[in-house]
Each structure stands twice: as C-alpha cells, then as structure tokens.
Amino acid sequence: MTTVFTLADKVSEFKAKLELWERRMNRCIFDMLQTLAGILGDTEPEHSFSQLVHDHLSLILKEFEGYFPNTKDPRTGKEYIGDPFVNNSGESSMCARSTAGGFKTTSGDEFSL
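Residues numbered from 1 in each chain as written. Predicted model: local features only at pLDDT ≥ 70, side-chain atom pairs only at ≥ 80, totals over all residues. Heavy atoms only, no water.

### What about the overall build of the protein chain?
- Along the protein chain, the regular secondary structure elements total four helices and three strands.
- Seen in sequence order, the protein chain has helices and strands lined up from the N terminus as α-α-α-α-β-β-β.
- A buried classification covers 17% of the 113 residues belonging to the protein chain.
- When contacts within the protein chain are restricted to residue pairs at least 6 apart in sequence, those whose partners lie at least 24 apart make up 43%. (Helix = DSSP H or I, 4+ residues; strand = E, 2+ residues; numbered from the N terminus. Buried < 20%, exposed > 50% of the residue type's maximum accessible area, 1.4 Å probe, protein only. Contact = heavy atoms within 4.5 Å.)

### Description of the pattern of salt bridges
- Under the criterion given, the structure shown has two salt bridges.
- Note that Lys 15 and Glu 65 form a salt bridge whose closest N and O atoms lie 2.9 Å from each other. Here Glu 65 lies in helix 3 (residues 47–67) and Lys 15 lies in helix 1 (residues 4–26), a separation of 50 residues in the sequence.
- What makes Lys 15 buried here is its relative accessible area of 8%.
- Glu 65 sits in the partly exposed class, given a relative accessible area of 29%. (Salt bridge = Lys/Arg side-chain N within 4 Å of Asp/Glu carboxyl O.)

### What about the environment of Asn 26?
- Residue placement: Asn 26 occurs in helix 1.
- With relative accessibility at 48%, the residue Asn 26 sits in the partly exposed group.
- Through-space distance from the C-alpha of Asn 26 to that of Ser 50 is 7.1 Å; in sequence the pair is 24 residues apart.
- Within the structure, the side chain of Asn 26 is placed 3.4 Å from the side chain of His 54, a separation counted as a polar contact. (Polar contact = N/O pair within 3.5 Å; in protein donor to acceptor, adjacent residues only side chain to side chain.)

### Digging into the packing of aromatic side chains
- The full count for this structure, using the stated rule, is one aromatic pair.
- Note on Phe 14 and Phe 64: the rings are 5.1 Å apart at their centroids and 50° apart in plane angle, and the pair reads as tilted. Taken as a pair, Phe 14 in helix 1 and Phe 64 in helix 3 lie far apart in primary sequence, 50 residues in all.
- Among the residues examined, Phe 14 registers a relative accessible area of 30% and is labelled partly exposed. (Phe/Tyr/Trp six-rings, centres within 6.5 Å; stacked < 30°, edge-to-face > 60°.)

Dropping the structure here:
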C-alpha cells in the first residue's frame, strides 16, 4: 500500500543516494553509473569531467530539496504510524510499577498476575 509515509521514505532515500554519489564522484569512483564506468574504463577521466558530474548531482539534489524540503517532512512526529513499536524516550505517558499483587500504572489502573 502506498502512503505519504512510504513515498517520503523513498524520496529521502533517493536524496541520500545522491549525496553518496556526490562523495564518490569527488574520489573519481564511477561504479554507480555502470554505462559511464564502462566507457571511462579504458580512459582516464579528467578532473573537470568528474567535477561536471558532481555539479550536476548537486543541482539535482538542490532541486529535490526545493520540492521535498526536510523542514516539511510529513513523517516528523508520526514515526509510530510506520512502526507502532517505536518508543522514543520521553514520549511514553504510561509507566508501570510493580506492586505486591501485580502492576499499577501511573493512570491508576491495576493489573494482577
């Protein structure tokens, strides 16, 4: 099922992939672009070429950031929807204390064993 949360995950993963590709371009590693790596395998690419590809990836990332900014991430504060078992510290309003006959929660409910 496609939701805004799965789409937001895919967009953020793609943005992370672009950042990874940029770092690899700085080191002249082209293996993530297989066709280009095959063409350049026989020749030594010039630094200006890798800089051109790096700049292009930077512009793509900038455009994605314009359309999908991190500040308007729909997942922020709603992580429990994607994974209901996520427990961030300080979010739980319920605390259990052990009593002689079982457990007592902070809301006053008692559970016996």
